[in-house]
Amino acid sequence: MTSTTPTQTPRLSYEDNERVRRICIRVANHSRSGQDRAVRNRIFDITGTLLRECHLRARPLNLDAMERANIEQVLSDLSLLRKNLNVGTGYFPPTIRLRFQQHNQEAA
């Protein structure tokens, strides 16, 4: 869920933000870079940006299911987001489906 007011940009709820944070940690810890902190931090940041932008601007995600899912499934959706999500505009091609897209619907 998100909360908005007319003068503010959309923001994640506290619960959703915590889910995104935990997903980012899983993805960063799974990376092949191992102990390279700078690379893991970059992966964490990119993952967070992709998830937040997609959830708020393109397509709502089932973050709860994503948090509990197999890491390979999460990485699959993140790969699609990285290749196809325009973070500047929030555009994500309507022909591409994400595994964790809520109710398999596109954003309004």
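Residues numbered from 1 in each chain as written. Predicted model: local features only at pLDDT ≥ 70, side-chain atom pairs only at ≥ 80, totals over all residues. Heavy atoms only, no water.

Draft legend 1. Fine view of the pattern of salt bridges. Applying the stated rule across the entire model yields six salt bridges. Glu 67 is the salt-bridge partner of Arg 22, the closest N and O atoms lying 2.3 Å from each other. Within this pair, whereas Arg 22 is found in helix H1 (residues 14–30), its partner Glu 67 is found in helix H3 (residues 63–68), the two being separated by 45 residues in sequence. Judged by its relative accessible area of 33%, Arg 22 is partly exposed. The class of Glu 67 is buried, set by a relative accessible area of 18%. Each of Asp 16, Arg 19, Asp 64 and Arg 68 takes part in salt bridges that share partners, so that together they form one network. (Salt bridge = Lys/Arg side-chain N within 4 Å of Asp/Glu carboxyl O. Helix = DSSP H or I, 4+ residues; strand = E, 2+ residues; numbered from the N terminus. Buried < 20%, exposed > 50% of the residue type's maximum accessible area, 1.4 Å probe, protein only.)

Draft legend 2. Quick look at H1. With 17 residues, H1 extends 24 Å from end C-alpha to end C-alpha; this agrees with the ideal 24 Å at 1.5 Å per step. Every buried residue of H1 is listed here: Asp 16, Glu 18, Val 20, Ile 23, Cys 24, Val 27 and Ala 28. Looking at the packing, one finds that the buried side of H1 touches strand S2 (11–12), helix H2 (37–58), H3 and helix H4 (71–84). (Expected span 1.5 Å × (residues − 1). Contact = heavy atoms within 4.5 Å.)

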